2 protein chains.
Amino acid sequence: MSARTGNLDQQDFIRAGTQFVDEHGLQALTMRALGEKLGVDATACYRHFTSKDELLSAMVDAMLAAALDSIESPPASPRDGLIEHVRAVRRAFLKHPHLAATLVTSTGDLPSVRRLTLNGIELLRLMVLEGDELVRCYQMIESYTMGSCVFDMSGTPDNMEIRRLRYRSLGVKEFTDVARTMKGVSSMTEAAFEAGIDAIIDSFSPR
Amino acid sequence: MSARTGNLDQQDFIRAGTQFVDEHGLQALTMRALGEKLGVDATACYRHFTSKDELLSAMVDAMLAAALDSIESPPASPRDGLIEHVRAVRRAFLKHPHLAATLVTSTGDLPSVRRLTLNGIELLRLMVLEGDELVRCYQMIESYTMGSCVFDMSGTPDNMEIRRLRYRSLGVKEFTDVARTMKGVSSMTEAAFEAGIDAIIDSFSPR
DNA sequence: ACCTGAACACCGTTCAAGT
DNA sequence: ACCTGAACACCGTTCAAGT
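Every value quoted in this text rests on a predicted model; they were computed, and no experiment measured them.

Student: Can you lay out the protein's contact with DNA strand D for me, pointing to particular residues and giving the numbers?
Tutor: Lining the immediate environment of DNA strand D, one finds 17 residues, of which Arg32(A), Thr43(A), Tyr46(A), Lys52(A) and Asp41(B) sit closest. Counting only atoms of DNA strand D within 4 Å of the protein, the sugar-phosphate share comes to 48%. Within the contact set of DNA strand D, a phosphate oxygen lies 2.7 Å away from a side-chain nitrogen or oxygen of Lys52(A). Backbone polar atom of Leu8(B) to a phosphate oxygen of DNA strand D: 3.4 Å apart, as the coordinates give it. Residue composition of the surface near DNA strand D, grouped by class: 6 nonpolar, 6 polar and 5 charged.

This is how it looks when you write it as structure tokens:
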């Protein structure tokens, strides 16, 4: 972090923590390493967060809040609105893949997730959903989106390399072809994600 | 673990580790605690596994291998075969929810996942899929299934309680109704998962 | 009000030594 | 061949003390 102008605040730790994780991975983020990066003692963070878990939650929250802000509104249609929300979350995790595992580990409910949920409900209402179906369709989209992101990104980049090696070891021509390059595997994964969200939305709101 | 009859083997550690995690959660599983449960020194595990990560991977592998063995074959149709595979994985994670986070953390490719993949490909081939579409549809199902399981189960039971509180805090009648009981939230989550896998399979193989 | 730095109670893991 | 137990190099976190 560049020029230290006196005391730090929560935002400084969130920014530095996110940048550190992007560069060195989640496992490398220790309070001591973060302190060193900020030119501060390892325990300085505890002035602003009660625990490491809370810092990590705040980092994820900031990431998703930025994703929300990147969504242009209003959407052309409720369907487009939903897909844009889902894609914004996906983009956020692609940008900060090492935070994927954190979503699963960290406890606490995040304001940004609340906003995402409320936006989602509003869009589903415009598709004339109500009652239990409204809740079920919302949760289906949330579990698909968050789940796929966590599963596809976590352990980056080892995770993708493992997937590629598995593809190659199957002895199935179609998979061997895709697995010739890392790019092949990752673009296939993104295409699968897109196809999945289309399938899910189609199931309750046919085009 | 009951009667110690001499030396332990890999299976003993896998069994004890899984049982311990089921009872006390993933965070409580330390090498020292596991050793104590088995009436053995904390470092005894290193005779059978090179690291804690490898033990955890073996635990997940054993869980998924058991899931595979629980599948009756042959299926009534390729579609039924796919759904049975997906449900078997879901059941495994419902039984051992604390292992969900491990799938995401652990590195290494598991024999059981390889078998699941090969079975899935065979079933998709019976649905006349080929080329890139075969790979994409397989990966769509894998990411959905594994991802949703990880997202829905991890952090159990705190995770579900947080979801319930979020439902209640939205001020949306439909969600408040579902969130009256934990059972309401969890059965809604399972219904959403079922609807999702139906939607995904329908998208490339209409009923 | 914020940071320091020593200290505490843990971790996973290594390795010489036991049997 | 398998286990022990001391030891190492770390963790997250607390708390009295500084400024």
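Student: Run through the pattern of salt bridges, naming residues and quoting values.
Tutor: Residues and elements named next belong to chain A. Counted under the stated rule, the structure contains 26 salt bridges over all chains. Between Asp 12 and Arg 15 there is a salt bridge, with the nearest N and O atoms lying 3.4 Å from each other. Note that Asp 12 and Arg 15 are positioned in helix H1 (residues 10–24) at a spacing of 3 residues, about one turn of the helix. Taking the relative accessible area as the measure of exposure, Asp 12 reaches 16% and is therefore buried. In this structure, Lys 173 and Asp 177 form a salt bridge, with 2.8 Å as the shortest nitrogen-oxygen distance. A residue pair is termed a helical-turn pair when its members lie 3 or 4 positions apart in one helix, as Lys 173 and Asp 177 do in helix H9 (residues 173–178) at 4 residues. One salt-bridge network, in which partners are shared between bridges, spans Arg 79, Asp 198, Asp 202 and Arg 207.

Student: An account of the side chain of Ser205(A) is needed here, citing residue identities and associated values.
Tutor: Residues and elements named next belong to chain A. As for its placement among the helices and strands, Ser 205 is situated in the segment after helix H10 (182–204). On the basis of relative accessibility, which here comes to 18%, the residue Ser 205 falls in the buried class. Setting aside residues up to four positions removed in sequence, Ser 205 forms contacts with Arg 79 and Met 127.

Student: Residue-level account of the protein's contact with DNA strand C, with values.
Tutor: Neighbouring residues of DNA strand C: 17 residues in total, closest Asp41(A), Thr43(A), Thr43(B), Tyr46(B) and Lys52(B). The protein-proximal atoms of DNA strand C, defined as those within 4 Å of the protein, are 49% sugar or phosphate. A distance of 3.4 Å separates a phosphate oxygen of DNA strand C from a polar backbone atom of Leu8(A). Note that a phosphate oxygen of DNA strand C is positioned 3.1 Å from one of the backbone N or O atoms of Met31(B). A breakdown of the residues in the surface near DNA strand C according to their chemical character gives 6 nonpolar, 6 polar and 5 charged.

Student: Which residues make up the packing of helix H4 (residues 78–95) of chain B against helix H10 (residues 182–204) of chain B, and what values go with them?
Tutor: Residue and element names in this part refer to chain B. H10 packs onto H4 with a crossing angle of 150° between their chain directions and a minimal axis gap of 11 Å. For the element pair H4 / H10, the angle class is roughly antiparallel. Crossing of H4 over H10 shows right-handed handedness. Contacts between H4 and H10 pair Arg 79, Leu 82, Ile 83, Val 86, Arg 87, Arg 90 and Leu 94 from the former with Thr 189, Glu 190, Phe 193, Glu 194, Ile 197, Asp 198, Ile 201, Asp 202 and Phe 204 from the latter. Of the residues contributing to the contact of H4 with H10, the split by class is 8 nonpolar, 1 polar and 7 charged.

Student: Describe in detail the environment of Met140(A), supporting the description with residues and values.
Tutor: Among the structural elements, Met140(A) can be located in helix H7 (residues 131–153). On the basis of relative accessibility, which here comes to 3%, the residue Met140(A) falls in the buried class. For the pair formed by Met140(A) and Phe13(A), sequence separation is 127 residues and the distance between their alpha carbons is 34 Å. In this structure, Met140(A) is in contact with Ile200(A), Ser203(A), Phe204(A), Ala192(B), Ala195(B) and Gly196(B), ignoring residues within four places of it in sequence.

Student: Talk me through the relation of the copies chain B and chain A; I want residue IDs and the actual numbers.
Tutor: Think of it as a corkscrew move, a rotation about one axis and a shift along it, taking one chain copy to the other. Overlaying chain B with chain A gives an RMSD of 0.0 Å, the required rotation being 180° about an axis along which the chain moves by 0.0 Å. The transformation relating the two chain copies, once decomposed into turn and shift, fits a two-fold axis. Taking C-alpha positions as reference, the residue of chain B nearest the rotation axis is Gly147(B), located at 1.9 Å. Most of the interface of chain B is mirrored in chain A, where 100% of its interface residues are also at the interface.

How each quantity is defined
Residues numbered from 1 in each chain as written. Chains lettered and ligands numbered in written order. Predicted model: local features only at pLDDT ≥ 70, side-chain atom pairs only at ≥ 80, totals over all residues. Heavy atoms only, no water. Near = heavy atom within 4 Å. Polar contact = N/O pair within 3.5 Å; in protein donor to acceptor, adjacent residues only side chain to side chain. Nonpolar A, V, L, I, M, F, W, Y, C, P; charged D, E, K, R; others polar. Salt bridge = Lys/Arg side-chain N within 4 Å of Asp/Glu carboxyl O. Helix = DSSP H or I, 4+ residues; strand = E, 2+ residues; numbered from the N terminus. Buried < 20%, exposed > 50% of the residue type's maximum accessible area, 1.4 Å probe, protein only. Contact = heavy atoms within 4.5 Å. Axes fitted to C-alpha atoms, helices over the stretch in contact; angles between N-to-C directions. Parallel < 35°, antiparallel > 145°, perpendicular 65-115°, else oblique. Left-handed = near helix turned anticlockwise from the far one by under 90°. Least-squares fit on C-alpha atoms with pLDDT ≥ 70 in both.

Shape descriptors only; they carry no functional weight alone.
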